[in-house]
Amino acid sequence: MKGVDFTVAIPTYNGEDRLPEVLDRLKLQINTENFSWEVIVVDNNSTDTTAQVVAAYQAKWPKFIPLRYAFAPKQGAAFARQRAVEKARGEFIGFLDDDNLPDPEWVAQAYTFGKNNPQVGAFGSQIHGYFFEQNSESELPKRFKEIACFLAIIERGSKPHLYEPKKKMLPPGAGVVVRKQAWEENVPKTLFLNHTGKKAGLACEDLEVLIHIQQAGWQIWYNPAMVVYHRIPNSRLKRDYLLSLLRCSALSRNHLRMMTLKSWQKPLALPAYMANDIRRLVLHLMKKGKSIQTDTVTACQTEFLWNTIKSPFFLWAKQLESQAKARSYLPLAKSEDWLETIATTFEEQNFCLYTQSIFPISKQNLNTKHSEILLRMKNKKGQIILPGKFIPTAERYNLMRTIDRWVIRQLFTRLSQTAKSNSNCVYEINLSAASINDETFIYFLSQQFDLYEISPETISLGISESIAIANMKQVAKLISVFKEIGCQFTLDHVGRAKLMPDYLKQLPIDYLKIDGKLVKGLSNNQKNIREIEQIHNLGYTLGIKTIAETVENSKIMENIKLIGVDYAQGYAIDYPQPLFARKKINMENSNLNTVNSWNLQPAMT
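**A closer look at the overall build of the protein chain**
Piece 1. In terms of helices and strands, the protein chain carries 21 helices and 20 strands.
Piece 2. With the C-alpha coordinates of the protein chain rotated into their principal frame, the extents come out at 85 × 55 × 50 Å.
Piece 3. Expressed as a percentage of its 605 residues, the buried residues of the protein chain come to 53%.
Piece 4. Counting contacts in the protein chain only where the partners sit at least 6 residues apart, residues at least 24 apart contribute 77% of the total.
Piece 5. Just so you have it, the protein chain exposes about 29200 Å², and 52% of that area is on carbon and sulfur atoms.
Piece 6. Computed over 75 positive and 60 negative side-chain charges, the separation of the two mean positions in the protein chain equals 4 Å.

See below:
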């Protein structure tokens, strides 16, 4: 793709409500006629409708200013910014958070400053707090300006100035502009301070980036002509949030300090820093100790000083924890390659839905069609990739919640467009353990039923037996909520009949889908036959229908008919085909004994 002069990058996580105002401000930028620029929204594995919001803006966006969508699969601000750098085509990259509102000349002022100062590797904006839920500034905590910089409020005068390395002061990531060359040549793709929010106990990965650039000899400046307004809600002014914010910054501090030192200096500097930090904390407590409980700013300052002392030990423990976690992972072949493939698939919308019929064996079940929704991926050559290739990587990198929600939104969108012709069909959607353990998933799914006006009776939620056993409390809650509105539930990959009576008492399941490994070996293995009989008999006793998956030939079909299984699914009956693109099957007249009577050709190999 052709390069541009300037890129505006907006990393966001679940920014559907915040993004519109930022994008609206960028549409109103002025004095940009003499250079080319673009906007990239970097979706950091959001579970909301961020992608749809960007698509809606793209449809009405000025053609001369490209608006692009990028997907950062690894959670964390550092990963999102790195993805932005990889995708940006500009000589300069200006970073705006999804709560940063740029002044009308922000882009023009940023580009001009960068072009006029070739020695500058990065430069920060003047950032004003926009307390949009406050009636007046008097409602802010007393002495708020003493800690305002931790909320990325930067008001350091009306003249540009150099951030001198010896003063150890740098701009925040919000509103900062980086020369792409300086980043690519000096910033590692994986930072030490990568984190996924305040729960990780770390922050300041944006400062780590700037120190790398500064240590390489590039200058870093403050440019007050670039003005940004930082939207700050009341929740970020509360004592608990501010304490957490300063704690995370302080715990990250030792790493930032050590980055500026040579190797031989670090062993000497550590005890010196420690002694000085303890001295500062003691003096602070002697002077203001009595007001810690009553004054928020004093409490924050105390939190910062105390956790600065803890920082070396905390970071050491974090490093050991990270190394142990890495060793615990089973090796995944080409996991980084698959991670990039998944990200590109989100960006280029190359996921697709297939469906495979679940066919009723007994005539009493003929009135209702039943299909399983299957996820597929298209590669650049248009070839279909099965989920077994990419799902292990998606699970490792916490992408399954996003993928599950994409499947549900896409299916519901299609169903809402063809509701009348598919009202007598039950669609089985498989859920991951990540979604089941996501506290927001129940609300999300309820919202989708209302939004798309989908009848819950047409949906069966599939849960693997192993996931159900490992997450019994969460699964029981999910079933309880959606049973009330009419959803059905399928217990998938069932293969342990002896365990089932205990947990089935807690789970009102509608279908038991027998593990394909048992079904495949049915023809020549009496043990498999007995196991399937036990599962079916237990299901019959409890009023639960049984489904045999992986029915691949007529011999297997005959065996499951003799056992009395209610439904069959597999290549002997129906190959997976694109959703709503399949041939209609005459369910009453089909010959279950003859595989070729289905007259279906495989959609994939």
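**A short note on helix 17 (residues 472-483)**
Given 3.6 residues to a turn, an α-helix orients residues that are three or four positions apart in the same direction.
Piece 1. Helix length check: helix 17, at twelve residues, gives a terminal C-alpha distance of 16 Å against a target of 16 Å (1.5 Å per residue), a fit within 8%.
Piece 2. The complete set of buried residues in helix 17 reads M472, V475, L478, I479 and F482. Down the axis of helix 17, the buried set is contained in an arc of 130 degrees. They therefore lie on one face. Structural note: helix 17 exposes K473 and K477 on the side pointing more than 90 degrees away from its buried face.
Piece 3. Looking at the buried positions of helix 17, the neighbouring elements they touch are helix 14 (433-436), helix 15 (441-452), strand 15 (459-464), helix 16 (465-470), strand 16 (488-494) and helix 18 (500-504).

**Brief notes about the side chain of T345**
Piece 1. Tracing the sequence through the fold places T345 in helix 11 (residues 335-348).
Piece 2. With relative accessibility at 4%, the residue T345 sits in the buried group.
Piece 3. Apart from residues lying up to four places away in sequence, T345 is in contact with N350, F351 and M377.

**With respect to the packing of aromatic side chains**
Piece 1. Scanning the entire structure with this criterion turns up 19 aromatic pairs.
Piece 2. Summarising the aromatic geometry, the rings of F35 and Y111 are spaced 4.3 Å apart at their centres and angled 20 degrees between planes, so their arrangement reads as stacked. Separated by 76 residues along the polypeptide, F35 in the loop between helix 1 (19-27) and strand 2 (37-43) and Y111 in helix 4 (residues 106-116) bring together distant segments of the chain. Taken as a pair, F35 and Y111 share a single burial class, namely buried.
Piece 3. Ring geometry for F346 against F351: centres 5.0 Å apart, planes inclined by 75 degrees, an arrangement best described as edge-to-face.
Piece 4. One aromatic cluster is present, formed by F71, F346, F351, F390 and W406 through successive ring pairs.

**Section: the environment of A84**
Piece 1. Its place among the elements puts A84 in helix 3 (residues 77-87).
Piece 2. Sequence-wise, A84 and K74 are ten residues apart; in three dimensions their C-alpha atoms are separated by 13 Å.

**Regarding the pattern of salt bridges**
Piece 1. For the coordinates displayed, the defined rule picks out 24 salt bridges.
Piece 2. Where E347 meets K87, a salt bridge forms, and the shortest distance between an N and an O atom there is 3.1 Å. Taken together, the positions of E347 in helix 11 and K87 in helix 3 put the pair 260 residues apart, joining distant regions of the chain.
Piece 3. The buried category is assigned to E347, whose relative accessible area is 15%.

**Some points on the nonpolar core**
Piece 1. Of all hydrophobic cores here, the largest spans 152 residues; its most connected members are F6 and L26.
Piece 2. Here the element with the most residues in this core is helix 13 (residues 400-417); it accounts for eight residues.
Piece 3. By size, the runner-up hydrophobic cluster in this structure holds 19 residues, among which are L151, I153, V297 and F304.

**Details of the pairing of strand 17 (residues 511-514)**
Piece 1. Here strand 17 shows no split at all, with Y511 and K513 on one side and L512 and I514 on the other all buried.
Piece 2. Two elements, strand 16 and strand 17, share three bridges in a ladder whose sense is parallel. Paired with T490 across the strands is Y511, a residue of strand 17.
Piece 3. By the bridge criterion, four bridges tie strand 17 to strand 18 (residues 545-548) in an arrangement that is parallel. In the strand pairing of strand 18, K513 is matched with I547.

**Some words on the state of the cysteines**
Simply put, disulfide is the name for a covalent bond between the sulfur atoms of two cysteines.
Piece 1. Under the definition given, this model contains zero disulfides.
Piece 2. You can see C248 has no disulfide; the closest cysteine sulfur is in C204, sitting 8.7 Å from it.
Piece 3. By relative accessible area, which is 2% here, C248 ends up buried.

**Description of helix 21 (residues 554-563)**
Piece 1. Regarding helix 21, the residues found buried are I556, M557, N559, I560 and I563. For helix 21, the angular spread of buried residues about the axis comes to 165 degrees, placing them on one side.
Piece 2. Where helix 21 begins, the side chain of N553 points an oxygen toward the backbone nitrogen of K555, at a separation of 3.1 Å.
Piece 3. Directly beyond the C-terminal end of helix 21, a positive phi value near 105 degrees is found at G564.

**Observations concerning the environment of P224**
Piece 1. Considering the arrangement of structural elements, one finds P224 in strand 9 (residues 219-231).
Piece 2. On the accessibility criterion, P224 (8% relative accessible area) is buried.
Piece 3. With 64 residues separating them in the primary sequence, P224 and P160 have C-alpha atoms 6.1 Å apart.
Piece 4. The residues touching P224, leaving out its near neighbours within four places in the chain, are Q126, G157, S158, K159 and P160.

**What to know about the packing of helix 11 against helix 12 (residues 387-396)**
Piece 1. The interhelical angle for the contact between helix 11 and helix 12, taken along N-to-C directions, is 95 degrees, at an axis separation of 9 Å. When the interaxial angle is binned, helix 11 and helix 12 end up roughly perpendicular. When helix 11 is examined against helix 12, the residues S335, W338, L339 and I342 are found in contact with a partner set consisting of K389, F390, T393 and A394.
Piece 2. For the contact of helix 11 with helix 12, the class distribution of residues is five nonpolar, two polar and one charged.

**Thoughts on the pairing of strand 4 (residues 90-95)**
Piece 1. Across the six residues of strand 4, five count as buried, placing the element largely inside the fold.
Piece 2. Judged from the five bridges that link them, strand 1 (residues 4-12) and strand 4 form a sheet pairing that is parallel. Considered in strand 4, the bridge of T7 is made with I93.
Piece 3. The pairing of strand 4 with strand 8 (residues 177-179) spans three bridges and is classified as antiparallel. Bridge pairing in strand 8 places F92 opposite R179.

**Considerations on the environment of I547**
Piece 1. Relative to the assigned elements, I547 resides in strand 18.
Piece 2. Sequence separation between I547 and V227 is 320 residues; the distance between their C-alpha atoms is 62 Å.
Piece 3. If we ignore the near neighbours within four places in the chain, the residues touching I547 are I358, Y511, L512, K513, I514, V565, Y567 and Q569.

What counts and what doesn't
- Residues numbered from 1 in each chain as written.
- Predicted model: local features only at pLDDT ≥ 70, side-chain atom pairs only at ≥ 80, totals over all residues.
- Heavy atoms only, no water.
- Helix = DSSP H or I, 4+ residues; strand = E, 2+ residues; numbered from the N terminus.
- Buried < 20%, exposed > 50% of the residue type's maximum accessible area, 1.4 Å probe, protein only.
- Contact = heavy atoms within 4.5 Å.
- Areas by Shrake-Rupley, 256 points an atom, 1.4 Å probe, with all protein chains shown as cover.
- Lys, Arg positive; Asp, Glu negative; His and termini not counted.
- Charge placed at Lys NZ, Arg CZ, Asp CG, Glu CD.
- Expected span 1.5 Å × (residues − 1).
- Arc of directions from axis to C-beta.
- Phe/Tyr/Trp six-rings, centres within 6.5 Å; stacked < 30°, edge-to-face > 60°.
- Salt bridge = Lys/Arg side-chain N within 4 Å of Asp/Glu carboxyl O.
- Core = buried A, V, L, I, M, F, W, Y, C linked by side-chain atoms within 4.5 Å.
- Pairing = 2+ DSSP bridges.
- Disulfide = S-S within 2.5 Å.
- Polar contact = N/O pair within 3.5 Å; in protein donor to acceptor, adjacent residues only side chain to side chain.
- Axes fitted to C-alpha atoms, helices over the stretch in contact; angles between N-to-C directions.
- Parallel < 35°, antiparallel > 145°, perpendicular 65-115°, else oblique.
- Nonpolar A, V, L, I, M, F, W, Y, C, P; charged D, E, K, R; others polar.

Read these as spatial facts, not as claims about activity.
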